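Coordinates in review
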Amino acid sequence: NTYSSQISGNHHLNPSFLPVYGLMTPLTDNTVEKVNARIGVRGSAASSFQFDVNGGVGLYGNALMESGFFNADGNLVPSLTYSDINLIYANVLLGWKSSRVKIDADLRYRSMSFSDNDAKNLGFTLPKYSGGLRATYSLSSRLYAGVAVEASSWREGWCESEEVSAGDVKVRVPGYVDLGLNCGYKFNRKLELWLESGNLLCQTIQRNPFYAEKGLWVTAGVSLNL
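Residues numbered from 1 in each chain as written. Predicted model: local features only at pLDDT ≥ 70, side-chain atom pairs only at ≥ 80, totals over all residues. Heavy atoms only, no water.

What follows is about unusual backbone geometry. Despite not being glycine, Ser47 shows a phi value in the positive range, around 60°. Note that Ser47 resides in the loop between strand S1 (32-45) and strand S2 (49-70). (Helix = DSSP H or I, 4+ residues; strand = E, 2+ residues; numbered from the N terminus.)

Shown next, in the form of structure tokens:
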């Protein structure tokens with residue numbers, strides 16, 4: 001788990017994620033994939049519909065996990081930890097494409113448990129249910145509009161405290177539903193103007209624990225294909 005790979009998954013990451021009393025735990029370390037057995041089926045139908053359904057079991061040693069700890073002031077701050085985990089997972093990928101409509105759906109199930117339930121296990125589990133749906137409709141050969149939905153169930157985990165008397169505290173990161181709209185106009189094959197919005201439901205979205213998106217947002221851009 002190199003520092004660069006962790007930054008790509010969480011742009012807020014910095015060395016302060018390692019609590020003072022946990023200096024013996026390295027920020028970067030190896031994760032061992034002991035077992036990853038998967039079975040599934042994928043294919044297409046009528047040249048418009050595509051699917052990929054799979055599931056399996058994974059056993060990981062020293063897995064990197066997002067976590068947190070309560071400092072001396074009683075504030076909960078982000079941290080990292082490594083734990084041995086077991087994972088049962090399933091994925092459903094669906095796609096539909098016609099002359100005017102394009103739909104992509106991604107559904108995920110993750111059931112995470114610790115290899116030693118009696119040990120001091122820290123860190124937030126993965127969301128049990130998550131996924132997304134993106135649908136686009138072409139109003140003409142140049143103009144298109146669409147809707148996107150991303151959702152995740154809650155995550156929970158145990159967090160340490162600098163106050164010995166407080167012990168470990170169970171913390172839950174709430175789930176969310178992120179609803180967005182998008183549209184675009186293609187001037188030609190090379191130049192496209194697009195507009196995208198998100199969090200239209202104004203929920204508190206924590207893709208990474210402790211860092212929340214609040215309120216809706218809008219982004220405009222230009223795509224140039226050379």
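Of note, Arg155 is situated in strand S8 (residues 155-161). When its relative accessible area of 8% is taken as the criterion, Arg155 is described as buried. What Arg155 contacts, discounting residues up to four positions off in sequence, is Glu66, Phe124, Thr125, Leu126, Pro127, Val171, Arg172, Val173, Arg207 and Pro209. A polar side-chain atom of Arg155 sits 3.1 Å from a polar atom in the side chain of Glu66. (Buried < 20%, exposed > 50% of the residue type's maximum accessible area, 1.4 Å probe, protein only. Contact = heavy atoms within 4.5 Å. Polar contact = N/O pair within 3.5 Å; in protein donor to acceptor, adjacent residues only side chain to side chain.)

One broad rule of soluble globular proteins: the nonpolar side chains tend to lie buried together. Judged by nonpolar contacts, Tyr60, Ala63, Met65, Ile85, Leu87, Tyr89, Met112 and Phe114 together constitute the single largest core of 8 residues. Sorting the residues of this core by element identifies S2, strand S3 (76-97) and strand S4 (101-114) as the ones contributing at least two each. In this structure Leu87 touches Gly56, Val57, Gly58, Tyr60, Arg110, Ser111, Met112 and Leu126, once residues within four positions along its chain are discounted. Residues Phe70, Phe124, Cys159 and Val171 belong to the second largest nonpolar core, which totals 5 residues. (Core = buried A, V, L, I, M, F, W, Y, C linked by side-chain atoms within 4.5 Å.)

As a further point, take the layout of surface pockets. There is about 840 Å³ of room inside the largest pocket. Breaking the lining of the largest pocket down by element, the ones donating at least two residues are helix H1 (3-9), S1, S2, S3, S4, strand S7 (143-152) and strand S12 (205-208). Broken down by element, the residue count for the lining of the largest pocket peaks at 5 residues, all from S2. Across the lining of the largest pocket, the residue classes tally to 16 nonpolar, 9 polar and 7 charged. Each pocket or cavity is described by its volume, and for the second largest pocket that value is around 280 Å³. Together, 16 residues line the second largest pocket, and Met112, Thr125, Leu126, Trp154 and Glu156 are the ones closest to its centre. Those elements that place two or more of their residues in the lining of the second largest pocket are S4 and S8. (1 Å grid on protein atoms, 1.4 Å probe; cavity = no way out; pocket = protein on both sides within 12 Å on 5 of 7 lines; lining within 4 Å. Points joined across faces, edges and corners; volume = space filled by probe spheres on them. Nonpolar A, V, L, I, M, F, W, Y, C, P; charged D, E, K, R; others polar.)

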